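So the chains spell out like this:
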Amino acid sequence: MRNTLLRTERLRHGWTQQQLADFAEISLSTVERAEKGESIRVDCIQRLCECLSKTPEELGLLKIDQKVSESHNSMEQRSASLRGEERDGCFSFGKLKTTWKTLDGDGRSIYLPQHIRSHYIPFAEKFPEELQVRKNQIQQEQEQKKEQGLPSFWNGEIYALDRFVIGREPMNEDMTLDLWFRPSDYYTFLATNMSLKEPELREKYLSDVDWYDTIPHFSHSFGVSLAIITSDGYTLFTQRGKNVGSRPRIYETSVVEGLSRPIDRGTNGEEPDVYRCACRGLAEELGLHEPVDFSVSDITFLSFGVDTRYGLRGLTGMVKIKKSMEKLLLRWDNGVRDKFENQKLFPVPFTPKDVISFAYSHQPFAPGPTLYNALVHEFGHAMVEDAFDQLSPSFVDQE
């Protein structure tokens, strides 16, 4: 029996089967099997539910005879499991559940620049053989794509996070963060962190994880995420390009940038400077340059955390720029260095109601804490939570 529920929901979003597969980060054949009513893996069901903001039952991903045969006891167990999942410490953007875990920061407190300290260990991590094989395969695949004239990824030099220490400054208990980095590269990142979509690999390396520790072999990424606030009171959503390495076509916050070893080194050594990375992201993705369009002191980091789905760690924050939204969009239209990373920009008034409404109506959205923390920092928890209370029921009704 064909699964008309899943097909109807896909068409309601205006997506092809390939687009749904891309957004959910599963294979096209998995989507095809699911719409035919065939069984698919549990992790693929979860990704489809996350992508479409539906339960397995609402997408027809649980067979009728399975539901009928479930005992009252097993239903209670599943309900308890779901309640436990809601309390696992992962961030929720209202009704949108995420895999992001905030490890430090509440949106109100800030990291002072002198309290984010980077350190460098000049030796790369040693790899298990199976991960090295994956990296070699990726390198070969990308070289073949390049030779064939197809979009490919270059092996840029990046940083791996070796360890971190969250602390407090003695006098005022300001947040402090010490970060130790090792050298790494982009193919290593693809072979490790981006391979965590495979259940067997997760089970082997991430079966029992404490996210307050770095994960051996799976910490090859660190970045910054910023919410832009223009001089006339707008923020900016983006839709990522189709050829980026992570989360293509997903709706995102204004700027997301990973650390680069050749470019983001500090002035006194090999350790990275997260503010330099933020400035580079603003310049390359939006054409905003310091000190004309903003000052480094305008960049405010508000939290530190990890996306538990792929082990991606980073800082989130906000920046108030001196340029209006109209001038920012004109700059982007005329050309910026990494325009391919975002296929569209969406200006939205920077108010809790407008930001939440846009996030709810544009899926799939990667709702990390960046915009939430920026709203809390600007308007306070009460106003933001009131906006969620008002808008979440209408979001459920629409679904």
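Scroll up to find the structure this text is about.
Cut-offs applied
Residues numbered from 1 in each chain as written. Predicted model: local features only at pLDDT ≥ 70, side-chain atom pairs only at ≥ 80, totals over all residues. Heavy atoms only, no water. Helix = DSSP H or I, 4+ residues; strand = E, 2+ residues; numbered from the N terminus. Rg over C-alpha atoms; globule rule 2.2 N^0.38 Å. Buried < 20%, exposed > 50% of the residue type's maximum accessible area, 1.4 Å probe, protein only. Contact = heavy atoms within 4.5 Å. Areas by Shrake-Rupley, 256 points an atom, 1.4 Å probe, with all protein chains shown as cover. Lys, Arg positive; Asp, Glu negative; His and termini not counted. Charge placed at Lys NZ, Arg CZ, Asp CG, Glu CD. Phe/Tyr/Trp six-rings, centres within 6.5 Å; stacked < 30°, edge-to-face > 60°. Pairing = 2+ DSSP bridges. Axes fitted to C-alpha atoms, helices over the stretch in contact; angles between N-to-C directions. 1 Å grid on protein atoms, 1.4 Å probe; cavity = no way out; pocket = protein on both sides within 12 Å on 5 of 7 lines; lining within 4 Å. Points joined across faces, edges and corners; volume = space filled by probe spheres on them. Salt bridge = Lys/Arg side-chain N within 4 Å of Asp/Glu carboxyl O. Parallel < 35°, antiparallel > 145°, perpendicular 65-115°, else oblique. Nonpolar A, V, L, I, M, F, W, Y, C, P; charged D, E, K, R; others polar.

Novice: Got a minute to help me understand the overall build of the protein in this structure?
Specialist: In terms of regular secondary structure, the protein is built from 14 helices and twelve strands. For the protein, whose C-alpha radius of gyration is 21 Å, the value lies close to the compact-globule estimate of 21 Å for 399 residues. A principal-axis box enclosing the C-alpha atoms of the protein has dimensions of 65 × 50 × 50 Å. Within the protein, the fraction of its 399 residues that count as buried is 50%. Considering only contacts within the protein whose residues lie at least 6 apart along the sequence, 73% involve residues at least 24 apart. Of the roughly 19,600 Å² that the protein leaves accessible, carbon and sulfur atoms contribute 49%. Side-chain charges in the protein split into 49 positive and 61 negative, and the spacing between the mean points of these groups amounts to 4 Å.

Novice: Help me understand the packing of aromatic side chains, please; the structure alone is not making it clear to me.
Specialist: Aromatic ring pairs are reported here in terms of the distance separating the ring centres and the angle at which the planes meet. According to the stated counting rule, one finds 19 aromatic pairs in the structure shown. Relative to Phe-189, the ring of Tyr-186 lies with its centre 5.4 Å away and its plane at 35 degrees, an arrangement referred to as tilted. On the criterion of helical spacing, the pair formed by Tyr-186 and Phe-189 is a turn pair, its members being three residues apart in helix H8 (residues 186–191). Summarising the aromatic geometry, the rings of Tyr-372 and Phe-388 are spaced 6.3 Å apart at their centres and angled 35 degrees between planes, so their arrangement reads as tilted. With a gap of 16 residues between them, Tyr-372 in helix H13 (residues 369–379) and Phe-388 in helix H14 (residues 381–398) connect regions that are remote in the sequence.

Novice: Just to check I follow, could you spell out the sheet that holds strand E11 (residues 312–320) for this structure?
Specialist: The pairing of strands in a sheet comes from backbone hydrogen bonds and takes either a parallel or an antiparallel form. Pairing is mixed in the open sheet, where six strands are placed in the order E1-E2-E10-E11-E6-E9. Of all the strands in the sheet, just strand E1 (90–93) and strand E9 (255–258) have a single pairing partner and so form its edges. The sheet shows a mean angle of 35 degrees between the axes of neighbouring strands, taken without regard to direction. As defined by bridge partners, strand E6 (residues 222–229) adjoins E11 across eight bridges and the pair is classed as parallel. Each residue of the ladder has a partner; that of Leu-226, found in E11, is Gly-317. Against the sheet, helix H12 (residues 352–361) makes contact with E1 and strand E2 (96–104), and its axis sits at roughly 100 degrees relative to E1, the strand it touches most.

Novice: Where do I start with empty space enclosed by the protein in this structure?
Specialist: Unfilled space is identified by rolling a water-sized probe across the atoms. Overall, the coordinates contain one cavity of 30 Å³ or more when judged by the stated rule. In this model, the largest cavity occupies a volume close to 40 Å³. Around the largest cavity, the lining residues are Thr-238, Arg-240, Glu-252, Thr-253, Val-255, Val-256, Glu-285, Glu-341 and Asn-342. Those elements that place two or more of their residues in the lining of the largest cavity are strand E7 (234–240) and E9.

Novice: Help me out: how do you make sense of the pattern of salt bridges in this one?
Specialist: Note on pairing: side chains with opposite charge can pair once their charged atoms come close. The tally for this structure, following the rule as stated, stands at 17 salt bridges. In this structure, Arg-10 engages Glu-35 in a salt bridge whose closest nitrogen and oxygen atoms are separated by 2.5 Å. Of this pair, Arg-10 sits in helix H1 (residues 4–12) while Glu-35 sits in helix H3 (residues 28–35), and the two are 25 residues apart along the sequence. Judged by relative accessible area, Arg-10 falls into the buried class, the value being 7%. For Glu-35, a relative accessible area of 4% puts it in the buried group.

Novice: Would you mind showing me how to read the sheet that holds strand E8 (residues 251–252) here?
Specialist: Read from one edge to the other, the open sheet built from three strands follows the order E8-E7-E12, with strand pairing classed as antiparallel. Among the strands making up the open sheet, the edge pair consists of E8 and strand E12 (342–349). As paired strands, E7 and E8 are joined by two bridges and run antiparallel to one another. Each residue of the ladder has a partner; that of Gln-239, found in E8, is Tyr-251.

Novice: How should the environment of Lys-353 be read in this particular structure?
Specialist: Within the secondary structure layout, Lys-353 lies in helix H12. We classify Lys-353 as exposed; its relative accessible area is 53%. Separated by 38 residues in sequence, Lys-353 and Leu-391 have C-alpha atoms that sit 7.6 Å apart. Here Lys-353 is in contact with Ala-387 and Leu-391, once residues within four sequence places are set aside.

Novice: I'm lost on the pairing of E1 in this one. Help?
Specialist: On a regular strand, each side chain points to the face opposite its neighbour's, so the side chains alternate between the two faces of the sheet. Across three bridges, E1 lies against E2 in antiparallel orientation. When the sheet's bridge partners are listed, Ser-92 is paired in E2 with Lys-97. The antiparallel hairpin formed by E1 and E2 contains two residues in its connecting segment, where Gly-94 sits at a positive phi of about 65 degrees.

Novice: What's the story with the packing of helix H2 (residues 17–24) against helix H4 (residues 42–52) in this structure? I'm lost.
Specialist: A pair of packed helices is captured by two measures, namely the crossing angle of their axes and the spacing between those axes. Contact pair H2 / H4: the axes reach a minimum separation of 9 Å and the direction vectors enclose 100 degrees. With respect to their mutual orientation, H2 and H4 come out roughly perpendicular. Across from Leu-20, Phe-23 and Ala-24 in H2, the residues of H4 making contact are Arg-47, Leu-48, Cys-51 and Leu-52. Residue composition of the contact of H2 with H4, by class: six nonpolar, no polar and one charged.

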